[in-house]
Structure formats: C-alpha cells, structure tokens
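Below are the chains, spelled out letter by letter.
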Amino acid sequence: MGTLQRVLIAALLIAPSYAFVDGGDLIEKLRSGLSAFYRTVSPVKLHLFFNQPAYVPGDTAYFKVHLVRAEQMLPLTSKNIINIKLYDKSGRQALRTRFVVLNGIGHNQLILPKEIEPGNYLLVAYSDAMAETTTEALFYRQEFIVSGKNLFTLIAQNLAVFVEGGNFVVGASNTVVVSGLQPNDSARLVEGNGRSAISFRSDASGFGRFKLVPEEGKIYSVHYRGNHISMPEAKAGGVALTVSKNESNDLVVDLYTPSEKLRSVELYLTLTVHDKMCESVRVSFEDTGIVSVPIKRRECSAGIGQLTLFDSQGNALAERLVFFPPKPLSAKILISKPEFKVREQVDLTIALSDLDGKPLQSNAALTVYKRELFNEIPSASSAFDNLHLQSDITEWNNLISHLPVSDETIDTYLITRKWQRYDWTRILNNPESSIGSTKPYFFKGRALDETGEVVPDSTHITFWLNQNEIVYGLYTRSNGELQFPLFMDLADDNILYAATYKKRIIKNVSIEMYDREFSVDLIQRAYGPKQDPY
C-alpha cells in the first residue's frame, strides 16, 4: 500500500497554542502502563499463507503460518498451539485442526472432505496464547473458497453512522462516515423538517463521507433506498477532532470545543503505535476554542496509530485511528527459462530488497498455480496488509476486498473503528489485566469409555509426555471432565495415557477435548455469478 492520500478536511486556520510535553505525571503514567501491558500480556498476531486462492471438495490446502509479536513483528521464540476452524454460511463448524508451531513459523495442511459442500467459508485461526490474551474479534480471519458452483450473493448491511473523533459537536465541521451503502451510490442527509441538507455518494467499498456543521437542537438523519438512520444528537460540549495531512506529509489534528470549561484547562494529545508513544503534545484552547496541532510520526513503526486527546485526569475525550503504511519491498523472481514440461524441475532465484536496492534477509514463501483457474477469485490479503493493518481492527472483511482499496478508503474506514487491544482506563490503572492474563494454558475435555459414556467419577488418568520424561496424573470429575496444563518445553507432540479406576485399568478410554466457543460474524460478498473455476 502506498502513502495515505491527503484527506480532504477543511483546516481550521488559527494560530496554534500548544507545547511539546517533555514529562508530566500523566504522560509518564501512560508510557509506563503501555510498557507494562506489552511486557505482561505480550499480544501476538498470526498470518496464514495458502498455496492457492480456492479449492474443491477432496482437495488438500497447504499453508504456512507466521506467529509474531504484535509490537515488534518478530517471530515468537517458543512453542505454540495453533487452532484453525472453518465455518459454513450458517455458522456451523465444518472443519477444525490443531497443530504446533515452533519459533513462530510452521507448515501444515487442511484436508477437505469429499462431501464438503461447495461455497464460501470463513476461516478463523488463533493460537492458544491469543485465546487467553486477545479479544476474539482480532483472531485471524479470511474467506476460504470451496468451489463447485456459482459463488456469493451480496447481503445488504444495515446503515451505520460514525463521526470522526467520536463526538458530534455543535458548531464544528464534523467529518461523518456512513457505512452499509452499495458501492458508488447516492444517499442524502435530511434535517428534521424533511429538507435535504446534503447529498453524497459512496465510494467503491460502500462508504459515504461528508462534512457537517450541526446546529444545536436540530435533528439529522441519513436516508438511503427507503431506509434511514438517525444521526446522534449534536452536543454543545466535548471536543471535535479531525485529521488531515500537511505538505510535509505530517498529520495535522484540528480540535474545536464550544465548552468554556475545556477552553480553560490543559489537555494532552498523544500518538501511539502499540507499545510506543511516538508523540505527546500539551494543548490549550485558550479563548478561541480552536487549535490546529501538527503531529510527526517520529519513531512510530508501520501499522495503526492511535490519536487520543486526554484531560489531566487521563480521561479520553476524543480518539481517532490512523494508518502508517510499511515501507514497500522489491521482489524479483528470475526463472531459468520461459517454459517447462510437466513434472520438470524449475530452477529459479528470488531476490528481496528495499527500494534502494539493499538486499533483505527474509523468511519467505512461494506458491505456484495455474492462473486461468482462478482469474475470477481474489487472492487473500498479503502478510504486509494483514500484519500491519487488518490484524489490529475488527470487521475488515466487511469491505469488498477484491476491489482495489485506496489509502483514502482505509482512512475513511478507520474513522469507523476503535482500538480493541487495550483501553486507556485499564492501562492507567491496571495494565496487567487489560485483556486476559499470563496464567498457564490448560487443555480441557472429558474422558469416555469404549461405549461412549463418561468414565466414573475420580478415574485416575496418567499422562506420559516428552518421551516418558514427564509423567502427569489427574482425577476426573463426576461428569468425566478433566484439564491439564500445556507443557511448553516438550520435545515432541506424542502423548501416551492410561486410565484406572479403583486400581483397575479401564481399556479403550478416549479423551474428547473441548472446543473453544465464540461468536462468528459471517461475511458474504458479491463477486457476481460465474462458472466453476475448475
């Protein structure tokens, strides 16, 4: 993705009143809270790279997995359990697998049953560590296509209205985003008396965007194809926040408040990307209620940044997500000759470099498939797009991602999103408990005898692990349930076990592991009717 295009926001031309913060209790507390959260919780991201864009029943889907630390993008240097689940259009789990990844990189496969129904599926992947420390909305998700019939119909989404910065402020030039529209379509903003105030159009991804200076006491609503949704009530208080870019490609944050109270106090504007607070600015409105603050990216890494305006007590008054694209790479593939026979060895050279031509060391993957089979099917998101952008926001798949997604569309979409890896209240008060914990991971399940009934209460089960180096014993509960910890230093995944009850061996006992339950937001997209690519 290229550099974000300039967002067309009318700048508030006023002499700025702000000072860069060198210290201060609040800023230092925010910094230390961020550091404690990432040190204790250590959030991670996951990406899957499949060998082709679509499959048919009976196929084997080969893939590579990368598991990295969210803030550093470096592979985890440990053993982790990866869970992959496939959901059909009704939300039913059609397939699942679990496997081990060492040092953040692994390979595995999904064997599709011959009887699996063709169509579009939702693939959800997460590690056991993510299950403990990350909200489910940030698990890895992608569309998984099993071909064999015409695919996909567009399901209209409900209208939704979002105001940049989170506050709809009287007298301010508020940026409003409307989702749930058809691509490249028209909609209207209507005042309470029925008069059309603004007509606007959606972009190729179905987002409408316009500016509005609301009047106090007026009611506004968005009307579209016989449907309508009310705007939030405009408040004669709070802070309106809008973001644009200047000629140096730095962010410019325009702030406005009609509140006399807020005009008389000092506020703090911060920019963070994961665990790094790249910028902190002390802001004073003075008498005007208007201030324009330039924000430099400085040491912020690529990814999603949070712009947050705090009061002196650490309360977030306005927030906005922005995106810093990663530096593009150059990949060259040199093939020994233009054509090859079936089953002939292909000799090739892959060279990765930055834009200045400096070679880069990398762990890469390459897939080769027949292009004409998949011309109508979009490829999944790249690792760059997923790890830097999509993995930190929810519902990205609700975009029609087979269309080119512009930088302006990304910026518009981020107005509708909130940061979900942590919230500032907990970062300030108890960062270790912001999401999840670092308690040991446990497998949970139940033991069944050869007839499928649960084993007797207090059945003793002994596990031999790590080539019999580790022996672990436990007793089942009355319903046959059991749980045991995940030993992270095992040399292999082979586990032997035996069950006894009252000193008598119970033969042919099976252990049924419980599956993690979570809600699935099913996604449908419109590709239009087409023939089976196979």
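No experiment lies behind these values; they were computed from the predicted model shown. Sequence order sets the numbering: in each chain, residues are counted from 1 along the sequence as written. Only residues with pLDDT of at least 70 are given local features in this predicted model, and only at 80 or more are side-chain atom pairs given and counted; all residues enter the totals for whole chains, interfaces and linings. Side-chain descriptors were evaluated using all non-hydrogen atoms of the structure, hydrogens and water having been removed beforehand.

(A) Representation of the overall build of the protein chain in the model. Across its full length, the protein chain holds six helices and 32 strands. When accessible area is computed with a 1.4 Å probe and restricted to protein chains, residues below 20% of their type maximum are described as buried, those above 50% as exposed, and intermediate ones as partly exposed. In the protein chain, which comprises 534 residues, the share counted as buried stands at 47%. Partitioning the intrachain contacts of the protein chain with sequence separation of at least 6 by distance along the chain shows that 66% fall at a separation of at least 24. Accessibility throughout is a Shrake-Rupley quantity obtained with a 1.4 Å probe, and a residue counts as covered only by protein chains that appear here. Total accessible area computed for the protein chain in this model is approximately 27,200 Å², and 48% of it derives from carbon and sulfur atoms. Runs of H or I in DSSP of at least four residues are treated as helices and runs of E of at least two as strands, each being numbered from the N terminus. Only heavy atoms enter the contact rule, under which two residues are in contact if any of them lie within 4.5 Å.

(B) Representation of helix α1 (residues 25–40) within the structure. Over its 16 residues, α1 extends 22 Å from the first C-alpha to the last, a length consistent with the 22 Å expected when each residue adds 1.5 Å. Of the residues making up α1, those classed as buried are Leu26, Ile27, Leu30, Gly33, Leu34, Ala36, Phe37 and Tyr38. Residues of α1 that are buried sit in contact with β19 (266–273), β20 (276–284), β22 (303–310) and α6 (424–429). Where α1 ends, the next residue or the one after it, serine 42, has phi of about 50°, a positive value. One less than the number of residues in a helix, times 1.5 Å, gives the span that helix is expected to have.

(C) Structural view of the nonpolar core. We define the nonpolar core as a collection of buried residues of types Ala, Val, Leu, Ile, Met, Phe, Trp, Tyr and Cys that are connected through side-chain atoms lying within 4.5 Å of one another. By size, the foremost hydrophobic cluster in this structure holds 32 residues, and its most contacted members are Leu46, Leu48, Phe50, Ile84, Leu110, Leu123 and Phe144. Where this core is concerned, the elements lending two or more residues are β2 (44–50), β4 (60–69), β5 (79–87), β6 (93–102), β8 (119–127), α2 (128–133) and β9 (140–146). Per-element accounting of this core gives the leading share, six residues, to β8. Ignoring anything within four residues of it in the chain, the contact list for leucine 46 reads Val65, His66, Leu67, Ile82, Ala125, Tyr126, Ser127, Met130, Tyr140, Asn386 and Leu387.

(D) Expanded view of the sheet that holds strand β31 (residues 504–506). Two strands make a pair as long as DSSP finds a minimum of two bridges between them. Read from one edge of the open sheet, four strands run β28-β27-β30-β31, paired in antiparallel fashion. Single-partner strands in this sheet number two, and they are β28 (470–475) and β31. Taking the axes of each pair of neighbouring strands and ignoring which way they run, one obtains an average angle of 30° across the sheet. As defined by bridge partners, strand β27 (residues 460–465) adjoins β28 across six bridges and the pair is classed as antiparallel. Here an angle of 0 to 180 degrees is reported between the N-to-C directions of two axes, which are lines fitted to C-alpha atoms, with helices fitted over the stretch in contact.

(E) Seen up close, the packing of aromatic side chains. Each Phe, Tyr or Trp ring, with Trp reduced to its six-membered ring, pairs with another whose centre is within 6.5 Å; inter-plane angles below 30 degrees give stacked pairs, above 60 give edge-to-face pairs, and intermediate values give tilted ones. Overall, the coordinates contain 16 aromatic pairs when judged by the stated rule. With 5.5 Å between their ring centres and 75° between their planes, tyrosine 422 and tryptophan 424 make a pair best called edge-to-face. Residue classification places tyrosine 422 among the buried positions, given a relative accessible area of 4%. Owing to a relative accessible area of 5%, tryptophan 424 belongs among the buried residues under this scheme.

(F) Highlighting the sheet that holds strand β10 (residues 160–163). Taken together, three strands build an open sheet; the order of strands is β10-β11-β14 and the sheet is antiparallel. This sheet does not close on itself; its edge strands, each paired only once, are β10 and β14 (208–212). Averaged over all pairs of adjacent strands, the angle between their axes in this sheet comes to 25°, without regard to strand direction. Summarising the sheet, β10 and strand β11 (residues 174–179) pair through four bridges and their orientation is antiparallel. If you follow alanine 160 over to β11, its bridge partner there is serine 179. Sheet contacts for helix α5 (residues 407–415): β10, β11 and β14; angle to β14, the most-contacted strand, approximately 65°.

(G) The arrangement of the state of the cysteines in detail. When the sulfur atoms of two cysteines come within 2.5 Å, that pair is taken as a disulfide. In this structure the tally under the stated criterion is one disulfide. Here cysteine 278 pairs with cysteine 300 through a disulfide, and the sulfurs are 1.4 Å apart. Sign of the S-S torsion, about 110° for the bond between cysteine 278 and cysteine 300, identifies this disulfide as right-handed. With cysteine 278 in strand β20 and cysteine 300 in the loop between β21 (290–295) and β22, this pair connects stretches of sequence that are 22 residues apart. Of the two residues, cysteine 278 and cysteine 300, both sit in the buried class.

(H) Representation of α5 in the model. Extensive coverage of α5 is indicated by the burial of eight of its nine residues. Within the span of α5, buried status applies to Asp407, Thr409, Ile410, Asp411, Thr412, Tyr413, Leu414 and Ile415. On its buried side, α5 packs onto β10, β11, β14, β22 and β23 (316–324).

(I) Structural detail: the pattern of salt bridges. Think of a salt bridge as a Lys or Arg side-chain nitrogen and an Asp or Glu carboxyl oxygen that are within 4 Å of each other. Summed over the entire model, instances satisfying the criterion amount to 18 salt bridges. Here glutamate 215 and lysine 218 are joined by a salt bridge, their closest N and O atoms 3.5 Å apart. Residue arginine 282 is joined to glutamate 266 by a salt bridge in which the shortest nitrogen-to-oxygen separation is 3.2 Å. One end of the pair, arginine 282, is in strand β20; the other, glutamate 266, is in strand β19, with 16 residues separating them in the sequence. The exposure class of arginine 282 is partly exposed, given its relative accessible area of 23%. By relative accessible area, which is 34% here, glutamate 266 ends up partly exposed.

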